[in-house]
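# Remarks on the overall topology
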Amino acid sequence: MTASATGSARFLIVGPQGSGKGTQGVLVAEAFGVPQVATGDIFRANVAGGTELGKRVQAIIEAGDLVPDELTSELVRDRLEQADAAGGFLLDGYPRNRGQVDDLDAFLTGRGEALDAVIELVVPREESIGRLKQRATDQGRTDDTEEVIANRLAIYERETAPILDVYRDRGAVVRIDGVGTLDEVTERIFSALAARGLAPNGVSA
Ligand code: AMP
């Protein structure tokens, strides 16, 4: 399972909104030399750019609801078919429910690929809410209002948290305590991956 120097590593990072998974995901992806694919970022870029896709998803995102699986899974498949993801990827924000897990399974099986690890960032609800409110002040995201935050966290708990059980049953989940400084959490992630034989560029930690 050791990731090769060419950057073969297929990861998911899963955690509630405000768990820091975006920041940590970028660091892991960079270290392993694979693209970080964040569906939320792709949707937001489309909204900002006024594309057809952006117009279709804008109201859904602003309400904090989930974009339909069919649309989201197609977007992810298109992205993972690009050359830079041939050796691996880190998916952030996808899959988010059972239907998307099935879609991703079908895609990976069809390519003879499998996930190397599912990184679960564990952050208590109060802590997530506090961080999201801070982000609302810092970044002014339209879906970081109090009401929308509550909806997004409820959807996470109802639809996304259960997918971790599916991956846990497969022995794929690496559970990380997400409370601490950015560096502390990063360090925990890299040592937990290394303990599974997953180290960037074949260097063992
Ligand atoms: P995020 O930045 O991951 O919190 O995503 C922002 C918003 O994009 C979400 O609240 C959803 O409206 C939409 N979104 C992102 N990823 C997905 C997904 N996998 N399935 C459905 N909707 C998504």
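Where an unreviewed UniProt entry is consulted, the chain appears under the name Adenylate kinase, with the organism given as Agromyces cerinus subsp. cerinus. One UniProt comment on the chain, placed under Function (unreviewed entry), says "Catalyzes the reversible transfer of the terminal phosphate group between ATP and AMP. Plays an important role in cellular energy homeostasis and in adenine nucleotide metabolism." In its Subunit (unreviewed entry) section, UniProt records this for the chain: "Monomer."

Once that is clear, we can look at empty space enclosed by the protein. In this structure the tally under the stated criterion is one cavity of 30 Å³ or more. Considered as a void within the structure, the largest cavity measures approximately 80 Å³ in volume. For the largest cavity, the full set of lining residues is Ile13, Val14, Gly15, Gln17, Lys21, Gly93, Tyr94, Pro95, Arg96, Tyr156 and Thr160. Going through the elements one at a time, β1 (9–14) and α7 (146–169) are the ones with two or more residues in the lining of the largest cavity. When its residues are assigned to classes, the lining of the largest cavity shows five nonpolar, four polar and two charged.

Around the ligand sit 16 residues in total, of which Thr39, Arg44, Asp65, Gly93 and Gln100 are the nearest. Within the contact set of the ligand, an oxygen atom lies 3.0 Å away from a side-chain nitrogen or oxygen of Arg44. Taking Val67, its main chain carries an N or O atom lying 3.0 Å from a nitrogen atom of the ligand. Placement of the ligand is best described as lying within the largest pocket. Considering every element that reaches the shell around the ligand, the biggest residue donor is helix α2 (residues 39–49), with four residues. The residue inventory of the shell around the ligand, partitioned by class, reads five nonpolar, five polar and six charged.

With that settled, consider the nonpolar core. The biggest cluster of nonpolar side chains holds 22 residues, and the ones touching the most others in it are Leu12, Leu80, Leu91, Leu104, Leu115, Val118 and Tyr167. When contributions to this core are tallied by element, the ones reaching two or more residues are β1, α4 (69–80), β3 (88–92), α5 (98–110) and α7. Broken down by element, the residue count for this core peaks at five residues, all from α7. Aside from chain neighbours lying at most four places away, what touches Leu104 is Leu12, Leu80, Leu91, Tyr94, Pro95, Leu115 and Tyr167. Of all hydrophobic cores here, the second largest spans 17 residues; its members include Phe11, Phe32, Ala117 and Ile189.

Next up on the list: α2. Those residues of α2 that sit buried are Thr39, Phe43 and Asn46. Looking straight down α2, one finds that the buried residues subtend no more than 60 degrees of arc, so they occupy a single side. What points out from α2, more than 90 degrees from its buried face, is the exposed set Ala48 and Gly49. Elements in contact with the buried residues of α2: β2 (36–38), α3 (52–63), α4 and β3. Two residues or fewer past α2, Gly50 is found with a positive phi of approximately 65 degrees.

Moving on: the UniProt feature "binding site: AMP" (unreviewed entry) in the chain. Here, UniProt's "binding site: AMP" (unreviewed entry) annotation points to Thr39, Arg44, Asp65, Leu66, Val67, Gly93, Tyr94, Pro95, Arg96, Gln100, Arg141 and Arg152. For the residues just named, distributed over 114 residues, the greatest C-alpha separation reaches 25.0 Å, placing them at more than one site. Filtering the just-named annotated residues for those lining the largest cavity gives Gly93, Tyr94, Pro95 and Arg96. Here Arg141 shows up in the loop between α6 (125–139) and α7. Apart from residues lying up to four places away in sequence, Arg141 is in contact with Arg44, Arg135, Ala136 and Arg152. Within the structure, Arg141 has its side chain in polar contact with the side chain of Asp143 (distance 2.9 Å).

Here we come to the packing of aromatic side chains. A complete count under the given rule lists two aromatic pairs for this structure. With centroids separated by 4.9 Å and ring planes inclined at 75 degrees, the aromatic side chains of Phe11 and Phe32 adopt a geometry described as edge-to-face. One end of the pair, Phe11, is in strand β1; the other, Phe32, is in helix α1 (residues 21–32), and 21 residues separate them in sequence. Phe32 carries the same exposure label as Phe11, and that label is buried. Ring centres 6.5 Å apart and planes at 5 degrees place the aromatic pair Phe32 and Phe190 in the stacked group. Note that Phe32 is positioned in helix α1 and Phe190 in helix α8 (residues 182–195), a separation of 158 residues in sequence.

Procedures and definitions
- Residues numbered from 1 in each chain as written.
- Predicted model: local features only at pLDDT ≥ 70, side-chain atom pairs only at ≥ 80, totals over all residues.
- Heavy atoms only, no water.
- UniProt positions renumbered as here; feature names shortened; annotations may be inferred.
- 1 Å grid on protein atoms, 1.4 Å probe; cavity = no way out; pocket = protein on both sides within 12 Å on 5 of 7 lines; lining within 4 Å.
- Points joined across faces, edges and corners; volume = space filled by probe spheres on them.
- Helix = DSSP H or I, 4+ residues; strand = E, 2+ residues; numbered from the N terminus.
- Nonpolar A, V, L, I, M, F, W, Y, C, P; charged D, E, K, R; others polar.
- Near = heavy atom within 4 Å.
- Polar contact = N/O pair within 3.5 Å; in protein donor to acceptor, adjacent residues only side chain to side chain.
- Sits in = over half its atoms within 2 Å of the grid points.
- Core = buried A, V, L, I, M, F, W, Y, C linked by side-chain atoms within 4.5 Å.
- Buried < 20%, exposed > 50% of the residue type's maximum accessible area, 1.4 Å probe, protein only.
- Contact = heavy atoms within 4.5 Å.
- Arc of directions from axis to C-beta.
- Phe/Tyr/Trp six-rings, centres within 6.5 Å; stacked < 30°, edge-to-face > 60°.

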